[in-house]
Amino acid sequence: MRKVAVIGVGQSTFVRAYPGSIRELAFEAYRDAMQGAGLKAEQIDASVVCSAPEYDKQRTPAGLMAEYLGLNPQPTFYVESVCSSSSSGLRTAYALVASGLHDVVLVLGFQKMSEISSAESQERMGRGADIQWEAPFGTMMPAYYAMYARGHMDKYGTREEDLALIRVKSSTYGQINDRAVFRKALTLDKIMEPKYIATPLKMFDCCANADGSSCVIVASEEKAKDLCQKPVWIKGLGMATAPINMAGRDSFSGLKCAQLAGERAYGMAGIKPSDVDVAEVHDCFTIAELMAYEDLRFAEPGQGPELIRNKETYKEGKIPVNVDGGLLSKGHPIGATGGSQIRTIFLQLRGEAGPMQVPDAKIGLVHNIGGVGIYGNVSIFGVD
Amino acid sequence: MAFEKFGIVSFTATTKAEQFVEFLQNNELRGTVCMRCGAKFFPPRSDCDVCLSQDMEWFPIEGEGTLLTYTKAMFAPAGFEKDVPYVMGVAQFKDGIKVFGRLDKALGDDVIKAGMKVKIRPVSLENDRVSYELTAA
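Model, not experiment: these values are computed from the prediction. (Residues numbered from 1 in each chain as written. Chains lettered and ligands numbered in written order. Predicted model: local features only at pLDDT ≥ 70, side-chain atom pairs only at ≥ 80, totals over all residues.)

Chemist: I'd like a rundown of the overall build of chain B, residues and numbers included.
Modeler: Helix and strand counts for chain B come out as one helix and eight strands. In chain B, the succession of helices and strands from N to C terminus is α-β-β-β-β-β-β-β-β. Expected size for 137 residues packed as a compact globule is a radius of gyration near 14 Å; at 15 Å, chain B falls within 12% of this value. Once the C-alpha set of chain B is aligned to its principal axes, its extents read approximately 45 × 35 × 25 Å. Taken across its 137 residues, chain B has 35% of its residues classed as buried. In chain B, 46% of the contacts between residues at least 6 apart in sequence involve partners at least 24 apart. (Helix = DSSP H or I, 4+ residues; strand = E, 2+ residues; numbered from the N terminus. Rg over C-alpha atoms; globule rule 2.2 N^0.38 Å. Buried ≥ 20, exposed ≤ 12 C-beta atoms within 10 Å, placed from the backbone. Contact = placed C-beta atoms within 7 Å.)

Encoded structure:
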């Protein structure tokens, strides 16, 4: 297989309600990436469009986006794995380039969640789990992740305050990320106010819905060296799946799909967890970040709380995690999230992350989960 | 069409496993067992992914189970608002069979904890709908 690099990234500002249609929202990230990389549409050989269905009325969005972005008549693909759609899109793009079928492929993620109400959005996300056997009970994402939070607390003695510390960190960095939806400072006391959504998760343990788009451009080694001064190499990609229903899960303190995806990505990249300089993990809820510390083996099972108590996942710590504010502060526009995480790592590895920069970062990791651990994608990037 | 009677809001009208509803109406929660390789399933499957057989029978889920995890939902998705708050959880029964469902509303917060012993109770809902819940054993 050929080596593949990321040569350009883009992101819209994530907002509560974007004042335009999905094609216009997608254009924001596309424009950012194409201008940043200095590319023209005719240099893109194929596109991969990623979103979760039913937030907007458009069917077959890849066709729409290929037209609006000016990417006709090249091939386009639609890839979906709910919240990890654009990481699955990256994997698709990697395969297309590594195989030699295409040389330059663009991954576009978008989601305009504001077209429906929050309750409708929860209903749709609930239907991102098992609709035949679980949704009839009134399931929703916070409740699913809350059962994992309860599982972690019961098994390891994790406290609600440990989860709150993760949100404190998130707000520290959300304030300095000009593309984040939530930029207010948050104190531990404020986060600990007992505004429960699904016990033990409270309001600030949950990320906000947002509208947003992201764009990642990948290229073969030859094209990357030709088109880009500082390519960021894709070193390892791991993906795994797990049963969609809770009855099929063997643990409620970690996500098996993430553990396996991590193992596969580390194996392909030939690195250890301790080699990672900076990581973006899927913190749709605080408990999700805590489990990621352990699933990615930054900490032993049950030791995740120690990492955040000792501030080891802050910028100055042993393994900086989500120093762009994560989903908790940036917001979580489902289909755009993975691409936004990849963008942050791209900027970090090129030394272009501004106030969020981790000094001398050479290896970066993205952990992006779809549904309640149905799909796990872990991607490892590096610079020479 | 019987299956759309399952649960508070149903999202599935037709399934080969619709007899599930009939069992619930007769006060039984049942899973399926493969007649060829003996694999047991809950939620019920019509097709065995172990040996590919479609020859399935129903078996009852009875006795005492152990609550593994749970949450009390203080908000609800569209269609479930009037039920708030409600508790959902996962319990493990004989042969490792796990069951996801709601917990009995009458159970106090102080008694619901992981490790508590639970049993299945089929319940009747409005408009001839049926479901099941987990209650203290």
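Chemist: Got a sec to walk through the overall build of chain A? Specific residues and values, please.
Modeler: Scanning chain A from terminus to terminus reveals 13 helices and eleven strands. Its C-alpha atoms give chain A a radius of gyration of 19 Å, within 12% of the compact-globule value 21 Å for 384 residues. The proportion of buried residues among the 384 residues of chain A is 63%. Taking all contacts inside chain A whose residues are at least 6 apart in sequence as the whole, residues at least 24 apart take part in 79%.

Chemist: Run through the domain arrangement of chain A, naming residues and quoting values.
Modeler: All names here are of chain A. Considered domain by domain, chain A is made up of domain 1 (4-117 + 210-232) and domain 2 (125-206 + 233-382). Computed over C-alpha atoms only, the centres of domain 1 and domain 2 are separated by 23 Å. Listed per partner, the contact involves 38 residues of domain 1 and 35 residues of domain 2. Ranked by the residues each element gives to the side of domain 1 that touches domain 2, the list is headed by helix 3 (residues 85-98), at seven residues. Looking at the side of domain 1 that touches domain 2 residue by residue, the classes come out as 20 nonpolar, 14 polar and four charged. (Domains from an automatic or database assignment. Nonpolar A, V, L, I, M, F, W, Y, C, P; charged D, E, K, R; others polar.)

Chemist: Residue-level account of the interface of chain A and chain B, with values.
Modeler: With 30 residues of chain A at the interface, the matching set in chain B holds 33 residues. Taken together, the elements giving at least two residues each to the side of chain A that touches chain B come down to helix 4 (118-126), helix 5 (141-156) and strand 5 (196-198) of chain A. Among the elements that take part in the side of chain A that touches chain B, helix 5 of chain A stands out by supplying six residues, more than any other. Of the residues that constitute the side of chain A that touches chain B, the class distribution is 16 nonpolar, eight polar and six charged.

Chemist: Tell me about the nonpolar core, and name the residues and values.
Modeler: All names here are of chain A. Ranked by internal contacts, the top residues of the largest apolar core, which has 166 residues, are Val6, Leu108, Tyr145, Ile217 and Val218. A domain split of this core shows at least three residues from each of domain 1 (4-117 + 210-232) and domain 2 (125-206 + 233-382). With near-sequence residues (within four places) excluded, Ile217 lies in contact with Val6, Ile7, Gly8, Ala33, Ala37, Leu39, Val104 and Leu106. (Core = buried A, V, L, I, M, F, W, Y, C linked by C-beta atoms within 7 Å.)

Chemist: An account of helix 9 (residues 256-269) of chain A is needed here, citing residue identities and associated values.
Modeler: Each α-helix winds once per 3.6 residues, and so residues spaced three or four apart point in a common direction. Residue and element names in this part refer to chain A. Its 14 residues give helix 9 an end-to-end C-alpha distance of 20 Å, which sits within 8% of 20 Å, the value for a rise of 1.5 Å per residue. Buried residues of helix 9: Cys257, Ala258, Gln259, Ala261, Gly262, Ala265, Tyr266 and Ala269, and no others. Next to the buried residues of helix 9 lie strand 8 (232-241), helix 10 (286-295), strand 10 (363-370) and strand 11 (375-382). Following helix 9 by one or two positions, Gly270 has its phi on the positive side, about 70 degrees. (Expected span 1.5 Å × (residues − 1).)

Chemist: Go over the sheet that holds strand 1 (residues 30-34) of chain B with me, naming the residues and quoting the values.
Modeler: Residue and element names in this part refer to chain B. Spatial ordering of the open sheet is given by 2-1-3, a layout of three strands whose pairing is antiparallel. Whereas interior strands pair on both sides, the edge strands pair on one side only; in this sheet they are strand 2 (40-41) and strand 3 (56-60). Sheet topology note: the strand 1/strand 2 ladder contains two bridges and is antiparallel. In the strand pairing of strand 2, Thr32 is matched with Phe41. (Pairing = 2+ DSSP bridges.)

Chemist: How would you explain the sheet that holds strand 10 of chain A if you had to name every residue and give the values?
Modeler: All names here are of chain A. Within the open sheet, the nine strands sit side by side as 3-2-4-7-1-8-11-10-9. Their pairing is mixed. Of all the strands in the sheet, just strand 3 (76-79) and strand 9 (278-280) have a single pairing partner and so form its edges. On average, each strand axis in the sheet is tilted by 25 degrees relative to the strand beside it, whichever way the strands run. Relative to strand 11, strand 8 runs antiparallel, the two sharing eight bridges. Within strand 11, the position partnered with Met239 by the bridge is Asn377. On the sheet, helix 3 packs against strand 1 (4-11), strand 2 (46-50), strand 3, strand 4 (104-112), strand 7 (211-220), strand 8, strand 10 and strand 11 and is oriented at approximately 165 degrees with respect to strand 4. (Axes fitted to C-alpha atoms, helices over the stretch in contact; angles between N-to-C directions.)

Chemist: So what's going on with unusual backbone geometry? Residues and values would help.
Modeler: A cis geometry characterises the amide bond from A:Asn72 onward to A:Pro73, with omega recorded as 5 degrees. Counting through the fold element by element, A:Pro73 comes out in the loop between helix 2 (61-68) and strand 3. A cis amide bond links A:Thr199 to the next residue, A:Pro200, at an omega of 0 degrees. Examined against the element boundaries, A:Pro200 turns out to sit in the loop between strand 5 and strand 6 (201-202). If you check the backbone angles, B:Asp95 has positive phi at about 65 degrees while not being a glycine. Mapping B:Asp95 onto the fold places it in the loop between strand 5 (86-92) and strand 6 (98-103). Assessed through the 11 C-beta atoms surrounding it within 10 Å, B:Asp95 is described here as exposed.

Chemist: Describe the packing of helix 1 (residues 22-37) of chain A against helix 2 of chain A, and please don't skip the residues or the numbers.
Modeler: Residue and element names in this part refer to chain A. For the pair helix 1 and helix 2, the least separation of the axes is 10 Å and the interaxial angle reads 60 degrees. Between helix 1 and helix 2, the angle is such that the two are oblique. Relative to helix 2, helix 1 is oriented so that their crossing is right-handed. Packed against helix 1, whose contacting residues are Arg23, Ala26 and Phe27, the element helix 2 presents Leu64, Met65 and Tyr68 at the interface. Partitioning the contact of helix 1 with helix 2 into residue classes produces five nonpolar, no polar and one charged. (Parallel < 35°, antiparallel > 145°, perpendicular 65-115°, else oblique. Left-handed = near helix turned anticlockwise from the far one by under 90°.)

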